Amino acid sequence: MTPNLVLAVLVGVLFATGVYLLLARSITRALIGLLLMGNGSNILFLVASGRAGRAPIVTGHDSSGMSDPLPQAMVLTAIVITLGMTAFLLAMAHRSWQLERSDVVRDDPEDVEILRRAEADDLSDSDFVGDDLDEGTAP
Amino acid sequence: MRRHGWLGRQVLGALGGAVVWVLLWGNVSVANVVAGFLLSLLIVVVFPLPPLTVGVRVRPLRLLRLVVRFAYDVIRASLHVSWLAFRPQRPPRSSVVTTQLTTRNQLFQTIVGEMLSLVPGSLVVDIDGEAGLISLHVLDVGTPAQAAQHRADVLALEQRVLAALAADPLGRIGTEVDE
Amino acid sequence: MIALLLAHVAAAGVAPALVRRWGRRAFLALAVPPAAAAVWAAVSTAAIHDGHPVVERYRWIDGLHLELGFRADTLTWLMVLVVGGIGAIVLVYCAGYFSDDEPLLGRFAANLTAFAGAMLGLVTSDDLLMLYLFWEVTTVLSYLLIGHTSELRPSRSAATQALVVTTAGGLAMLVGIVLLGERAGTYQLSEILADPPRGPLVTTAVVLLIVGAVTKSALIPFHFWLPSAMAAPTPVSAYLHAAAMVKAGIYLVARLAPGFSDVPLWRPVLLTLGGATMLLGGWRALRQHDLKLLLAFGTVSQLGFLTVLVGTGSRAAALAGTTLLLAHALFKACLFLVVGIVDHATGSRDLRVLSGLGRSLPVVAGCGVLAAASMAGLPPLLGFVGKEAAYETFLHSSAPGSTWVLVVLVAGSILTFAYSARFVWGAFAERGPRSRVVRPDAYALVGPVLLAAGSVVVGVLSTRLETLTSSYSRLWPADGHAVHLGLWHGVTPALGLSALTVLGGAGLFAVRGGVERLQAAVPTSLDAQRSYRATMRSLDRASLEVTGGLQRGSLPLTLGLILSVLVIVPGGSLLLGVTWPDEVRWWDTPAQGIVALVVLVAAYWTARSRRRLRAVILVGITGYGTAMLFLLHGAPDLALTQVLVETVSLVVFVLVVRRLPQRFSDTPPGIGRWARATLGLLVGAVMTGLALTATTVREAIPVSVDFPRAAVEFGGGRNIVNVTLVDIRAWDTMGELSVVLVSATGVASLVFLRQRFVDRARQALERTRSEMAERPPGRGVGWLARPMGVASERRSVMFEVVTRLVFHTVALWSLFLLFSGHNNPGGGFSAGLVLGLGLTMRYLAGGRSELRAALPVSPGALLGAGMVLAAGTSLVTLAFGGEALQSWIFHLHVPLLGDVHLVTSLFFDIGVYLVVVGLMLDILRSLGSAIDDQIEQESELTS
Amino acid sequence: MIDLGWNALVPLPVVLPLVGAGITIAAQGHQRLQRAVTVSVLAAVLGVSAALVYGADHVGPLSVDVGGWRAPLGIVLVVDRLSSLMLLVSATITLGVLLYSIGQGRASGDTDESDGGSPLPVFHPTMLVLSAGVSNTFIAGDLFNLYVGFEILLFASFVLLTLGGTAARVRAGVSYVVVSILSSSVFLSAIALIYAATGTVNMAQLAGRLDALPHGTRLTLHLMLLLGFAVKAAVFPMSGWLPDSYPTAPAPVTAVFAGLLTKVGVYAIIRTQTLLFPGGQLTDLLLVASLATLVVGILGAVAQDDIKRMLSFTLVSHIGYMTFGIALGTTTGLSAAIYYVAHHIIIQTTLFLVAGLIERQAGSTSIRELGGLAKVAPVLGLLFFVPAMNLAGIPPLSGFLGKVGLIQAGADVGTPLAYVLIAGSVVTSLLTLYAMSRVWGRAFWQATPAVYRDDPGAAIEIEGDTGVTVLAGPPPRGMTVPTAGLVLVSLALTVVGGPLFALTGRAAHDLVARTPYVSSVLPGGTP
Amino acid sequence: MTAVLDSASLLCLTASALLSLAAAVGLLRFPDLLSRMHAGTKPQVLGVLLALLGVGLRLRSGLDVGMLLLVGLFQCLTLPVAAHMVGRAVYRTDLVRSCDLAVDDLSVERTGEDGRAVDGDQLGPDDHVSEDVHRSDG
Amino acid sequence: MSTVLTWVSATLLTAAALLIVVRIVRGPTVLDRVVALDVLIAVIVSALALEAVVNRHGTTLPILITLSLLGFLSSVTVARYVERDSSEVAEDDDVEEGRG
Ligand code: NA
Ligand code: NA
């Protein structure tokens, strides 16, 4: 098949902008990034379906010149799934706002603590620091 | 002034639905009409809403006059506003003009508001249904005189609407009369 | 043999119950299985020594070449006697040693009995993997037994140390086993030894096996775990850490030696490590004050000795090795038991404290002295016989380095004599006030007496022992000088060396104070214990550094990493020999270019927006643009759905965003702006590249060419996409419905967080229902059913009237889309969204009360009904003998109406419709009404 | 026509839970009904799965053209030996976890925390949807349907992970949701690209059509697909999301996630490597990734103080074992990997359930705060120790058997990289043991550092050297019995190791051969 | 006849497109939101109706004409509502400052009657902070 | 002739769409943006009509009906909540650009 350049580039643009937003910390921003990427992958299915044709609705006996219906069905599924995602992520954004007055995703506190310990060489939690038994101290 | 009973109104609504259904399918067949009627009936039963048609009486000729005059207004005003957009000068000043309507029937108030809105250059900012006050934002009205002219236009439109649709063309009937 | 093993397992299983019932005396019953093992070995003696090893094999896991293979030959026979006999003795000893109120005694008893079983399994296994299996079981049981007094930190760290060290060696051994087994094509020990493979791989394997043996038998550099393990209760020390478990390594070496002792590295490694360990252990034993530790270092030393003997790989050395193995088991177990009694009797094991026990505990002291004499190598005890044979072996060996080995052995034996003497002196001599003594329990004395007697009897009858064990040593060819066991071989050089040993040892004992001071003064620069701790510390450290470095817990970084991999890996592969298109077309129609341009601009500004709603509206424009592109591609169904979804999304966004600050705040920063932009551009470029290259290679005809005909003939519809959704790929759609269902559930669960919120919503719904029953809106006043959800000043006459005018039409339109969808653009999804937006209109016009009145059911009911309808369709078709989700077309002729085609997939589509309406209702209930409620409550609180 | 009978069972592991989900979501507020429906549905799925294991083993791969649309036209569901085994194991633990959570709900009694630790009656329907999604991924014979299966289970997992909406869960939930959706987006794009290149999404047909593609493009598509699955399977460096998200969920949820979700990714990788892109073109890459996953993961576990987090890191680490076997691509490697998957599903689930019990009884899962559990809660000790040793690969438990299989497979391949992986495997095994013994030593053995729970109702007190542990009574039987049941199942993996390894061996053989699968789906050959 | 109808159809569409452009230009040029609303939304009504007429002239089938009629009707019903709701919001949130209006009956009436004039204080302090759009990123 | 008209119409619509996007980007208030969005939807309706005329099919009519019935909801929603919380309409970021 000969690829459609405009659509292929548009896929790239939507992914590029989507990624840019996705990497932000705000839940709504990430969601908007995901929506852009979702549009991108939907258009990717258009690229994959080949040349544009007429709507795949059988009117006579002639089905030539119709566009490929299978990617369309898949995109439809993807669209609906994306809607579910939108609703759910927004509910999470709302909940996050309720809890913290912000929809910013903060770093995992436990990981931050480990990084702190690593940087401070804090081995206080190791079983092998400090004076222990020399060799064999029986009770 | 009860023109129809409860059942009658449901059937009337369902008939309207059947018309829409036929228009949607695009061909008039018994099956379509019956299906449209039954489905519409289903809808009005499942989603009951208060009656709409109280105080309405359609006068076809007056209605035609209303529509034609409205079409004229829309086209004229559309061209005018488009010209305002393209012409090099700054757009003219605008005003918020409140008019005291005759009718207290909110259906007719709404129709007046709708038609005023559809005519370019005016936009409903507020309707106080009980007081019958309609406030419009109007483009190209810069003086109190122009404002007064505008009020007159609004009332003229209201009269045309009432003449075409209202059971009591003087608009004295509200919607409160039922049950 | 498997029966004996099972008996151990069963005994271990009931041990806690027995202990609960009988207290410490339960150990007497638990001693039965190991005793039975020893008896069994004794009974089988004749057969085994006639060259008929007892073999049992049961298939287990063919896929791993793992079979329950057991084989008892001479070496096994000897080991079974040791582990069974001493096991029984130690268990009996326990019956006298512990008190009934010892905490966790039941678990201890179970572990110890299980250990006896594991040891039995280890020495009887004829499958290398089985051997490893029992090997590790002994490790774990040892861990639990050492940690018996687990509140004490030394106990815990000793247990962990033993576990880590021996498992490390064990794992090396496992790799060795697998290398060997895969190379040999079998894991059966007897088969491998019958025809041992050779080669560099085998050498590696053997070295790995030796690592296992070295760790288990506590040889340098892993010797340190054994003295620490003395934290365990004394019976454990006696059994695991003297007689049995630490012998596992010796056993392994002895087992493999006939096949592999001439593998390069075998002798150098084993003799060096063994010799060094013998010296180091002996030397260290000389400075210990704790009798148990003294014995532990002595064990280390003796294990080195044994390793040298069994690792040498000659007939003479093997004979000496087996003899000493037995001797060590007898005397060392005895000594530990004696120490245990002393400890209980006096409350101390410190030889600086103990005094006069020779008189106050004569039987115990007698046993101790005999056993120590055997350890020191004095006649007529078995220890003497073994040591004599060892001297003999190396005196007459022509192998290179034998002299050095001999020197080491003599030196080691001198040390052994010295610490043996120090033990006897320290434990039993009278040096000052006599220690107070509690009389030991009779059961505790059985063991020491039997073991001490054993050292004497077997020593005296050592020639008889030789006939029993020689079938093992005869696996090697006879060489120049034949060595035999016996108390008297005449005046031989070996006897001279024995005399030298006694003299040297006595001298060393005489200067014991100096030796102690010397040891204290010379710091051991290569302290293995310390290096173990340093290693573990750096492990802990490394784990922190690696984890802190790689696990940042930052969402942007996590995502960035994934996307970087996308760019580098699939993206990188684009640079390597991918088929690029020879030609591209710019577009199918210029309109695509136009729309693409608008989408591009909108996408760009979306990315740059700092205002939430600006971004939302702009992303909506990319969505509408996408809808246009769908349309231009001949996909009206997609376009319709996309347009609806965009509207719904915007509404949902606004419902939520009304509560959030207007601007995005991305503090604290994650990834810098330029990095994000760069990564975005790279990902975009990769996606474009992938799109171009993947499309260009298509030569096959898509499967969907047959869809049009199939859709009409079998699917009964002309809209192929819809037929695909509700019929050809209905299974996807069913799955997608569950996604919708669960998203709706999730939204509700994040908003209605507490049962009482749910209850309140349910009560409100019920109230509305009863109100509506009393006063149906069809007879009502106003324009809507219950529009008081909106404050009066915010109500809009125009909006309410138009909603009243349009709503029924919207509902009708949604039914039209539902029913015409099979032949025209539409279908359950778009229909459901349309009705949902109709409900949205009602909600916006009249607030939550209007929404409840518009559709007074719970969203769950709609979702559930839809799901049951859609999934149930497939159950029904299955039940009627069709394939899941198969559809039938019914052609009916109804008078007046004409022909009606009813496709059963319509029911499926109705299911879809209900679920989507349920989703919309759920969203409005949760993100609309419930949040309205919260806002109201908050403002009531503040005012 | 015995075939027809078996085939009729194939859709049930998806359809039954979905019908159940429909009923239970409509029956919110009727907890008894919800429980009854969920338990009976999951029990039925377990029964069906067991039958499918038998059927797939004796009749060959069972395939169903959904709706009667002949493959490759419509969606085909395939249950071969691998799928059936995965179905069986997943059904087992789902049922176990569900019973546990019912036990938890009954024990807490309070309406604000019912089954599964959630305040809302959404746990049952969501669990059922999760189960349907997991089953769907195992039986999908169509790449896009596999995507749908993933979405089903992911969305269900989103809801489960955020049950109760606490701050930690929302924070973790967002990370999890966004990462999951990103990976799905990569997967979806890969499907679009594969369709662009081949014009089909039927996996059996793809097996033929992908072979015919030019090498470079084929490699690119392979990498895209693998990337999407690797995120789901938590293969390093795409693993960072897992330990940050799983531990915050309610215990039964974490347990079922740990057991199933990453394994679904592993399953997809197996299909990718055997059915779609055989030939081992990415063996080395996967081996290196496996090694990194093993080592980085287990070092992470060693660094943790919290049992749940530690378990999450071992979860990541041990994915490396499975990908190791898959990467080797040999029958023995795949066989061991499949066995390891089954083992790991059961054992990780069990351990997280135990962690839940610990949390419930002692009020914490941090080893800084725990102590003395071996003495006061011996049942808990047993329930922890056996699976912990199993995870560490101590014989004769299943972890050992799987590990031996992998080492044997690696030794058979015998490349230097394979030997490095063997070394990495045993080191990981050792460090797993170390991590487990750390927990055991602190939480179970040592005396308690502080008073951490004050529940005077039914409390046992013990005095240690540094403080007093106060525990809330004995653990509820409703929770311990299902946990113990899973421990027994894990022991059964050892007992029936022979037949099981034979089965995984046959499954691996089918995978390597490809023809049983392909000809079952497309009896007339690949069009 | 068909050719004439087809050409008429296209002419309608061109006119509609021109009105669309006028709307867009007005949207961009007009100084305040309410003026922009006039410019933006109103010519659209005619534009959309012309476009629908164009389609009707071209397709000429009963099915489609029925639908087109409905589309026109619905547009006429719903567009004013949107304009009204937005206009009301604009007015109520005081985005139209009274000084911009030549005549403002409503403001007089509202303040006169109940003193509920919406004043500028409702805007939070932080909302007047203006940021350069190019520094739109954190 | 028809080709020319088609092109002219398409160009006009494109220009309109881009200008509308500019307004959406500029704002300055959310109400400006939703108004512009409404206009954009109207442009889309015209574009759909143009496409229907050029390719002579009626498959897009359902989309037109849907837009005409429900397209107004987005701006109504925004207006509803902006009305309640006036801070939402505060002129934003690019206020200088918008006025200048
Ligand atoms: Na998507
Ligand atoms: Na997705």
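Thresholds applied
- Residues numbered from 1 in each chain as written.
- Chains lettered and ligands numbered in written order.
- Predicted model: local features only at pLDDT ≥ 70, side-chain atom pairs only at ≥ 80, totals over all residues.
- Heavy atoms only, no water.
- Helix = DSSP H or I, 4+ residues; strand = E, 2+ residues; numbered from the N terminus.
- Rg over C-alpha atoms; globule rule 2.2 N^0.38 Å.
- Buried < 20%, exposed > 50% of the residue type's maximum accessible area, 1.4 Å probe, protein only.
- Contact = heavy atoms within 4.5 Å.
- Buried area = accessible area lost by both parts, 1.4 Å probe.
- Salt bridge = Lys/Arg side-chain N within 4 Å of Asp/Glu carboxyl O.
- Polar contact = N/O pair within 3.5 Å; in protein donor to acceptor, adjacent residues only side chain to side chain.
- Pairing = 2+ DSSP bridges.
- Expected span 1.5 Å × (residues − 1).

Describing the overall build of chain A
A count of helical and extended segments in chain A gives 4 helices and 0 strands. What you see in chain A, going N to C, is helices and strands ordered as α-α-α-α. Taken against the 2.2 N^0.38 rule, which gives 14 Å for 139 residues, the C-alpha radius of gyration of chain A at 27 Å runs more than 25% over that of a compact globule. Residues classed as buried in chain A amount to 73% of the 139 residues present. At a minimum sequence separation of 6, the contacts of chain A that also span at least 24 residues come to 53%.

Observations concerning the interface of chain B and chain E
Between chain B and chain E, the contact holds 47 residues from the first and 42 residues from the second. Buried area between chain B and chain E, both sides added, is near 3600 Å², and the carbon and sulfur share of it is 65%. For the chain B face of the interface with chain E, the top three residues by lost area are Val96(B), Leu118(B) and Leu123(B), together amounting to 16%. Counting the contacts that link chain B with chain E gives 1 salt bridge. Asp126(B) is paired through a salt bridge with Arg92(E); the nearest N and O atoms lie 3.7 Å apart. Between chain B and chain E we count 3 residue pairs in polar contact (both at pLDDT 80 or more) in total. Residue assignment for the side of chain B that touches chain E shows that the elements contributing at least two residues are α1 (6–25), α3 (60–86), β1 (94–100), α4 (106–118), β2 (122–128), β3 (133–139) and α5 (144–165) of chain B.

Re the pattern of salt bridges
Overall, the coordinates contain 62 salt bridges over all chains when judged by the stated rule. A salt bridge links Arg352(C) to Asp350(C), with the nearest nitrogen and oxygen atoms 2.8 Å apart. Since its relative accessible area comes to 57%, Arg352(C) is described here as exposed. Bridged by salt links that share partners, the residues Arg117(A), Asp125(A), Asp127(A), Asp305(D), Arg368(D), Arg438(D) and Arg442(D) form one connected network.

Re the pairing of strand β1 (residues 54–61) of chain C
Residues and elements named next belong to chain C. Direction of pairing for β1 relative to strand β2 (residues 66–72): antiparallel, over a ladder of 7 bridges. Its bridge partner being in β2, Glu56 is matched across the sheet by Phe70. In textbook terms, the turn of a hairpin is the stretch between consecutive antiparallel strands, and for β1 and β2 this stretch comprises 4 residues, one of which, His65, has a positive phi near 55 degrees.

Observations regarding the pairing of β3(B)
Residues and elements named next belong to chain B. Among the 7 residues of β3, 7 are classified as buried, and the element is accordingly described as predominantly covered. Burial along β3 is two-sided: the face carrying Leu133, Ser135, His137 and Leu139 and the face carrying Ile134, Leu136 and Val138 are both buried. Where β1 meets β3, 7 bridges bridge the pair, whose relative direction is antiparallel. Residue pairing in the sheet places Thr99 in a bridge with Ile134 of β3. Bridging between β2 and β3 involves 6 bridges; their strand directions are antiparallel. Pairing of Val124 across the sheet is with Leu136, part of β3. The loop that links β2 with its antiparallel partner β3 comprises 4 residues; one of these, Gly132, has a positive phi angle of about 70 degrees.

Describing the arrangement of the chains
Without any contact between them, chain A and chain B keep their closest C-alpha atoms 16 Å apart. Separated throughout, chain D and chain E approach each other most closely at a C-alpha pair spaced 20 Å apart.

Topic: helix α3 (residues 31–59) of chain D
For α3(D), built from 29 residues, the straight-helix expectation of 42 Å at 1.5 Å per residue is met to within 8% by its first-to-last C-alpha distance of 41 Å. Looking one or two residues beyond α3(D), the residue adopting positive phi is Gly60(D), at roughly 105 degrees.

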